[in-house]
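As a plain string of letters, each chain reads:
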Amino acid sequence: MKTDSIQKLLLFAMLAGSLSMIYSCGSEGKKERANVVGTDTTMLCVGYHWTENEGREFLEKQRSSYTTAADWTKRAEQIRREILRGTGLEKFPEKCPLNPIFGDIRSYEGYQVQNVAFESLPGVFVTGSLYRPTDAGENLPGILNTHGHWANRDDYGRYRPDAQKRFAAMARMGAIVFAYDMVGYGQLAEEYGWIHKHPEALKLQLWNSIRSVDFLLSLGADPTRIAITGASGGGTQAFLLTAVDDRIAVSVPVVQVSAHFFGGCVCESGMQIHKTENFQTNNVEIAACAAPRPMLLISDGDDWTKNTPTVEFPHLQYIYGLFNRAGAVENVHLPDDLHGYDYNKRAAAYPFLAKHLGLDITKAVNPDGSLNERDITIEEIRTLYPFDEKHPFPEYGIKSNDGVTWN
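Not measured: the values here are computed from a predicted model. (Residues numbered from 1 in each chain as written. Predicted model: local features only at pLDDT ≥ 70, side-chain atom pairs only at ≥ 80, totals over all residues. Heavy atoms only, no water.)

(A) Structural detail: unusual backbone geometry. Following Ala 291, the chain continues to Pro 292 via a peptide bond in cis, the omega torsion being 5°. Tracing the chain through its elements places Pro 292 in the loop between helix 9 (283-288) and strand 14 (295-300). Although it is not a glycine, Asn 139 adopts a positive phi angle of roughly 60°. By the element assignment, Asn 139 lies in the loop between strand 5 (124-133) and strand 6 (142-145). (Helix = DSSP H or I, 4+ residues; strand = E, 2+ residues; numbered from the N terminus.)

(B) Main features of the nonpolar core. Of all hydrophobic cores here, the largest spans 75 residues; its most connected members are Trp 72, Ile 83, Leu 144, Phe 178 and Trp 194. Of the residues forming this core, the biggest block, 8 residues, is contributed by helix 6 (residues 201-218). Leave out the neighbours within four places in its chain, and Leu 144 touches Phe 178, Tyr 180, Ser 209, Ser 212, Val 213, Leu 216, Ala 227, Ile 228, Thr 229, Leu 241 and Ile 248. (Core = buried A, V, L, I, M, F, W, Y, C linked by side-chain atoms within 4.5 Å. Buried < 20%, exposed > 50% of the residue type's maximum accessible area, 1.4 Å probe, protein only. Contact = heavy atoms within 4.5 Å.)

(C) Geometry of the packing of aromatic side chains. Applying the stated criterion across every chain, the model contains 24 aromatic pairs. Taking the centre distance of 5.1 Å and the plane angle of 65° together, the rings of Phe 178 and Phe 215 count as edge-to-face. Here the residue Phe 178 occupies a position in strand 9 (residues 176-180), and Phe 215 occupies one in helix 6, the gap between them amounting to 37 residues. With relative accessibility at 0%, the residue Phe 178 sits in the buried group. An aromatic cluster is defined as three or more aromatic residues linked by ring pairs; in this entry it consists of Phe 102, Phe 118, Phe 178, Tyr 180 and Phe 215. Its end group placed over the ring of Tyr 318, Arg 63 keeps NZ or CZ at 4.7 Å from the ring centre. In this arrangement the basic side chain of Arg 166 is found over the ring face of Tyr 341, its NZ or CZ atom lying 4.0 Å from the centre. (Phe/Tyr/Trp six-rings, centres within 6.5 Å; stacked < 30°, edge-to-face > 60°. Lys NZ or Arg CZ within 6 Å of the ring centre and 35° of its normal.)

(D) Structural view of the pattern of salt bridges. According to the stated counting rule, one finds 23 salt bridges in the structure shown. Glu 190 is paired through a salt bridge with Arg 382; the nearest N and O atoms lie 2.8 Å apart. Within this pair, whereas Glu 190 is found in helix 5 (residues 187-192), its partner Arg 382 is found in the segment after helix 11 (343-357), the two being separated by 192 residues in sequence. Among the charged side chains, a network of salt bridges with common partners joins Lys 95, Arg 211, Asp 214, Asp 245 and Arg 247. (Salt bridge = Lys/Arg side-chain N within 4 Å of Asp/Glu carboxyl O.)

(E) Summary view of the packing of helix 4 (residues 161-172) against helix 11. Orientation of helix 4 relative to helix 11, taken along the N-to-C sense of each, is 20°, at an axis distance of 11 Å. When the axes of helix 4 and helix 11 are compared, the pair comes out roughly parallel. Here helix 4 and helix 11 pass one another in a crossing that is right-handed. On helix 11, the residues touching Asp 162, Lys 165, Arg 166, Ala 169 and Met 170 of helix 4 are Arg 346, Tyr 350 and Leu 353. Taken together, the residues that form the contact of helix 4 with helix 11 break down as 4 nonpolar, no polar and 4 charged. (Axes fitted to C-alpha atoms, helices over the stretch in contact; angles between N-to-C directions. Parallel < 35°, antiparallel > 145°, perpendicular 65-115°, else oblique. Left-handed = near helix turned anticlockwise from the far one by under 90°. Nonpolar A, V, L, I, M, F, W, Y, C, P; charged D, E, K, R; others polar.)

(F) View of the state of the cysteines. Under the criterion given, the structure shown has 0 disulfides. Unpaired in this structure, Cys 265 has its nearest cysteine sulfur neighbour in Cys 267, at a distance of 3.8 Å. (Disulfide = S-S within 2.5 Å.)

(G) Region of interest: helix 6. Taking 1.5 Å per residue as the helical rise, helix 6 with its 18 residues ought to reach 26 Å, and the 25 Å between its terminal C-alpha atoms agrees with that figure. The buried fraction of helix 6 is high, at 16 of 18 residues. Looking one or two residues beyond helix 6, the residue adopting positive phi is Gly 220, at roughly 95°. (Expected span 1.5 Å × (residues − 1).)

(H) Highlighting the sheet that holds strand 5. Strand order in the open sheet formed by 9 strands is 3-4-5-9-6-10-11-14-15, and the pairing between neighbours is mixed. What marks the edges here is a single partner per strand, and that holds for strand 3 (101-107) and strand 15 (329-334). Across the sheet, the mean angle separating the axes of adjacent strands is 15° when strand polarity is ignored. Here 5 bridges tie strand 10 (residues 226-231) to strand 11 (residues 250-254), and the two strands are oriented parallel to one another. Considered in strand 11, the bridge of Thr 229 is made with Val 252. Sheet strands touched by helix 4: strand 4 (111-121), strand 5, strand 6, strand 9 and strand 10. Its angle to strand 5, the strand with the most contacts, is close to 55°. Contacting strand 6, strand 10, strand 11, strand 14 and strand 15, helix 11 crosses the sheet at an angle of about 170° to strand 11. (Pairing = 2+ DSSP bridges.)

Here you go:
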């Protein structure tokens, strides 16, 4: 669908009192309807909210407003405040005990997998799986892995074969890897009534990410070497968490940082984080809140990141340059690649993470640059679910989004 058609669709939806758009999901370009709910829809920046020229012009204008590191630091703090205010997290809820539920360990070639669930709020469980090296020592770096809107059962969330390869390879390199489900994905969606397209999906998803950092640290991960990476909607989660949580030391948002595209799902743009009456930002500035911490942008020619080498990346380099750290932000652009976290994206991400986290790149990349992902076992979806007869879902566990209570 062309940009002008999408804009007409958005205008019509706004006049009707609600916003919706077509959101491209997955590397095969499948389409999914995403209803966006907000208290003031005129302040929501959804999907292709701007044209490519409008996104470029915004960055050009913004550049003149921060000419020193102090200027950008002030701007970044404003952006963080607006993200937290817009999601209702300007005052964090009291952090409850994580109360983790660990499944049995499954050992494979060079790594092991263990399903886990923990509480981000009382009775609200984050579900995922831990991947660790079989020869794990102490004080290992931790990597959070998020996923995007791959909703087809045969190509689903964090259970996708390419995702499982990524988690296992990172563990083989020497990291504690936690791959977790988006709100309304996985076992909680299939068996307990959770949904993804909920008005507070963005709020809970960001909070779950914050608590996931707590979870990694509770396992003994090195607090100075925590990273996050994910593609598409998972990329949004990566740069949002990095913006508001300075415990993230390294970030790799994949195929998502765009000057003109704001994310089309409620979990990305369904709450008022980009715009108020006296404030406007976009996802490039949000991603730039990582500065001067190392960040790799991976982009392709198939989606809204097609202009990254000429638009988004130079702006980020400029901001990092204010800290004399222009080399800490990198871009790998793959003009012939499709949307996703496929082979070439992984080949770009592994060396960057290894360099900045002190990982053993030889465990994932061969001397000729090809990936070493052989002997990685692709598990069935249900094998990766944390709740079973041996590890039952707690009786007090919340079984739908509307049961969440924010204290």
